[in-house]
Amino acid sequence: MTCAIHVAHAIRAGEMGVGLAGGVESMSRSGWAFMKGEAPFMPRGPILILDTMWSGAGGPPNPNLLARDAYVDMMRTAQNVADRYGLTR
């Protein structure tokens, strides 16, 4: 994203007429959060860890999206694409 912004600024400033921007997504930089219990000092039952990209900086996920199984991790996404288009490793 930063690269695209730099290119846009350079075009706007007249430093270039056309630019090419590229980059990669860094999923490893996204954090993980432990969900808190429903009451203070509540004994921990099963521990739920959320990817903060799904839940918005560690907040609780949207229950409607959880019910629809809308949160799909990158490994499942890759497998879904491979299955859909018949890709092999």
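In this text the structure is predicted, and so the values were computed from the model without any measurement.

Each helix and strand in the chain was counted, giving four helices and two strands. Sorting the 89 residues of the chain into buried and exposed places 13% on the buried side. When contacts within the chain are restricted to residue pairs at least 6 apart in sequence, those whose partners lie at least 24 apart make up 13%. Carbon and sulfur atoms make up 60% of the accessible area of the chain, which totals about 7,900 Å².

A few words now on the environment of G19. Note that G19 resides in the loop between α1 (2-12) and β1 (32-34). We classify G19 as partly exposed; its relative accessible area is 34%. As for G19 and V7, which are separated by twelve residues in sequence, their C-alpha atoms are 5.8 Å apart. Ignoring any residue separated from it by four or fewer positions in sequence, one finds G19 in contact with V7 and I11.

Turning next to helix α4 (residues 74-85). Over its twelve residues, α4 runs 17 Å from end to end, which matches the ideal 16 Å to within 8%, given 1.5 Å per residue. Backbone geometry just downstream of α4 places G86 in the positive-phi region, at approximately 65°.

This part takes up a nonpolar patch on the surface. Taken together, V81, Y85 and L87 make up a surface patch of nonpolar side chains, about 330 Å² in accessible area. With respect to the element layout, Y85 can be found in helix α4. For Y85, a relative accessible area of 59% gives the class exposed.

The rules behind the values
Residues numbered from 1 in each chain as written. Predicted model: local features only at pLDDT ≥ 70, side-chain atom pairs only at ≥ 80, totals over all residues. Heavy atoms only, no water. Helix = DSSP H or I, 4+ residues; strand = E, 2+ residues; numbered from the N terminus. Buried < 20%, exposed > 50% of the residue type's maximum accessible area, 1.4 Å probe, protein only. Contact = heavy atoms within 4.5 Å. Areas by Shrake-Rupley, 256 points an atom, 1.4 Å probe, with all protein chains shown as cover. Expected span 1.5 Å × (residues − 1). Patch = residues over 30% accessible without salt bridge, like charges linked within 9 Å, V, L, I, M, F, W, Y side chains within 5 Å. Salt bridge = Lys/Arg side-chain N within 4 Å of Asp/Glu carboxyl O.

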